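Observations on the three-dimensional arrangement
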Amino acid sequence: MPIDLEFVRSQFPAFSEPSLSHWLFFENAGGSFPCGAVTDQLSAFYSRTKMQPYWPAEPSAEGGEAMDRAKSRLAKWLGVTESWLSVGPSTTQNTYVLSKAFGDWLSKGDAIIVTNQDHEANSGPWRRLEARGVEVREWSIDPMSGRLNASGLEALLDGKVKLVAFPHCSNIVGEINPVAEWVGLVHAAGALACVDGVSYAPHGLPNFQALGADIYLFSSYKTFGPHQGIMVMSPDLAEQLPNQGHVFNGHDPTKRLTPAGPDHAQTAALAGMIDYFEAVDAHHYPEFDRSGAPDRVHDLFRAHELELTEQLLAQVDALGRARLIGPREAQHKAPTISLLCDRPGMALAEDLAVRGIIAGGGDFYGGRVLDAMGIDREFGVLRLSFVHYTSAADIENLSSALTELLA
Ligand SMILES: Cc1ncc(COP(=O)(O)O)c(C=O)c1O
C-alpha cells in the first residue's frame, strides 16, 4: 500500500502555510513539522485549561485528565503502560538527570561503555561519571564506515560493566543499529542498555518491548509532536535508581527522574501525535481494527522512506562529488544523509537556502563521529534528512539543486 501523501500533508499545518510554500524541508533530523492534531491540542490547552492541573475544579481537572490521557495513549502505542514513561523537557535534559542518578547508584570501580557514534546527549553526560570514579570505556566506530561493530562491544564487556549507552541510529551516520541483538550481548554480560532513539523514532515509533532495551530515549519534537524528551524504562529500574526529584515524588517512577515540573500543555499535546498516527492507520487500512496500528504505521513510513532514500542515494552516486557518511545500502539507513563535499557543510546549506531548500551543515553535536572519521568539525558535513511526508518530487528538486551546487 503506497502512502497517500495528499492525505498525510493535509494533516500538517506547515504544508498549507503560505510563508513556507516555496521551501523544501530537508532538516527533519533537527526537528520535524508538528502535525495539526498537536498544534490544535496545544492551542486548546492554552485557551481552556492553562492553569495548575489536577485540582477539583472542572477546567483544572480537565487539564490533568488531558495530560494523563496523552501519556497513557503514547505508552500504549510504544507497547508499555504509563508508569514506564518519564516526560522531560528534552532528551539532553533527561540524559543529564539519568547520568546523575547512575552516578549516585554506581560504585567506584564500576565501568560503563559509551560510543563515539552518539550525539553528545547520550555520550558526554555519561563520560562525566569518570570524575566520580566510574571507569568509562569507549566503543569506537570504524573510521572508514562510521559503523559500530558488535565485536567492538564484546571486547569491552566484562563483569565490571554496569551500563552500555549506544544509539539506535546516529544523527550523522544514519545507520540503523541492530538494537535487539546488541541488547542481548549487554544483558548476557549482566549490564543495562540505554538506547538513544532520537534519530530513529521519527521514522516510526518502535515497540519498546521488542527492542528489549532497559532505557529508550526520544524527542517528540522530532516525531511530529511538541517539544519534549520521552524516556521509557521499567518502573522497577526507575525505582532502583536514586530519586532525582522532590522527596515527596520519590514513590512515583515517572517523576523520580524528571525533577522539573512537567510542561502541562505540551504533555497533553503528545496525544496529538497518536491522533495523527491513528488517522494515518485508519485512512490506509480501513479494513482493520486499530490493534496492529503501531506496526502498520511504522512499516508504511519505512517503505516510503526507503524508496526515497534509494532515489536520493542514486543521485548522489551519479553526481560523484560527495563522500557519503555511513552505509550506502538504503535498507540499513534512516533517511539521514550526510555528505562530505569540497566545501564546508554550512556553506553548502547556505547555497541550498538560496535555492529554497532548508538543510543544515556542521557537526550536529556529533563531533566525536567526525573526529573519528578524520573530518574537521568546523568544516563539517551537509546533512539532508527527511521523513514520510517528503515526496519523490522533493527529492528530485533537491537533486537538481545539488547538481548545480556540486557539479
Ligand atoms: C541522535 C540525537 N540524540 C539526542 C539529541 C538531543 O535531543 P534533545 O534536543 O531533545 O536534547 C539529538 C538532537 O538533535 C539527536 O539528534
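Described below are features of the structure shown in this document. (Residues numbered from 1 in each chain as written. Predicted model: local features only at pLDDT ≥ 70, side-chain atom pairs only at ≥ 80, totals over all residues. Heavy atoms only, no water.)

Here the focus is the pattern of salt bridges. Counted by the stated rule, this structure contains 21 salt bridges. A salt bridge links Glu27 to Arg383, with the shortest nitrogen-to-oxygen separation between them at 2.8 Å. In this pair, Glu27 sits in the loop between strand S1 (24–25) and helix H2 (36–48) while Arg383 sits in strand S13 (residues 381–385), placing the two residues 356 residues apart along the sequence. With its nearest N and O atoms 3.0 Å apart, the salt bridge here joins Asp158 to Arg137. Taken together, the positions of Asp158 in the loop between helix H6 (150–156) and strand S5 (161–167) and Arg137 in strand S4 (residues 135–139) put the pair 21 residues apart, joining distant regions of the chain. With relative accessibility at 32%, the residue Asp158 sits in the partly exposed group. By relative accessible area, which is 12% here, Arg137 ends up buried. Sharing partners across several salt bridges, the network here consists of Glu135, Arg137, Asp158 and Lys160. (Salt bridge = Lys/Arg side-chain N within 4 Å of Asp/Glu carboxyl O. Helix = DSSP H or I, 4+ residues; strand = E, 2+ residues; numbered from the N terminus. Buried < 20%, exposed > 50% of the residue type's maximum accessible area, 1.4 Å probe, protein only.)

At a minimum axis separation of 9 Å, helix H10 (residues 264–284) and helix H11 (residues 293–319) run at an interaxial angle of 80 degrees. Relative to H11, the element H10 is oriented roughly perpendicular. Contacts between H10 and H11 involve Tyr276, Phe277, Val280, Asp281 and His284 from the former and Ala293, Arg296, Val297, Leu300 and Phe301 from the latter. Here the residues of the contact of H10 with H11 sort into seven nonpolar, one polar and two charged. (Axes fitted to C-alpha atoms, helices over the stretch in contact; angles between N-to-C directions. Parallel < 35°, antiparallel > 145°, perpendicular 65-115°, else oblique. Contact = heavy atoms within 4.5 Å. Nonpolar A, V, L, I, M, F, W, Y, C, P; charged D, E, K, R; others polar.)

A separate point is the sheet that holds strand S10 (residues 336–340). Taken in spatial order, the four strands make up an open sheet running S9-S10-S13-S12, and their pairing is antiparallel. Each having just a single partner strand, strand S9 (323–325) and strand S12 (360–362) make up the two edges of the open sheet. With strand direction ignored, the average angle separating the axes of adjacent strands in the sheet is 30 degrees. Examined bridge by bridge, S9 and S10 share three bridges and lie antiparallel to one another. Across the sheet, Arg323 pairs through a bridge with Leu340, a residue of S10. (Pairing = 2+ DSSP bridges.)

What follows concerns the environment of Asp68. Following the sequence through the fold, Asp68 ends up in helix H3 (residues 58–77). Taking the C-alpha atoms as reference points, Asp68 and Ala268, separated by 200 residues in sequence, lie 7.5 Å from one another.

For the rest of this paragraph, the subject is a negative patch on the surface. A cluster of acidic residues, Glu58, Glu65, Asp68 and Glu82, forms a negative patch on the protein surface. Mapping Glu65 onto the fold places it in helix H3. (Patch = residues over 30% accessible without salt bridge, like charges linked within 9 Å, V, L, I, M, F, W, Y side chains within 5 Å. Areas by Shrake-Rupley, 256 points an atom, 1.4 Å probe, with all protein chains shown as cover. Lys, Arg positive; Asp, Glu negative; His and termini not counted. Charge placed at Lys NZ, Arg CZ, Asp CG, Glu CD.)

Moving on: the site of the ligand. Around the ligand sit Ser90, Thr91, Thr92, His119, Ala121, Asn171, Asp196, Val198, Ser199, Ser219, Tyr221 and Lys222, and those are all the residues in its vicinity. Taking Ser219, its side chain carries an N or O atom lying 2.7 Å from an oxygen atom of the ligand. The side chain of Tyr221 places a nitrogen or oxygen atom 2.4 Å from an oxygen atom of the ligand. About the coverage of the ligand: the protein hides 90% of its 390 Å² of free accessible area. Its residues assigned to classes, the shell around the ligand shows three nonpolar, seven polar and two charged. (Near = heavy atom within 4 Å. Polar contact = N/O pair within 3.5 Å; in protein donor to acceptor, adjacent residues only side chain to side chain.)

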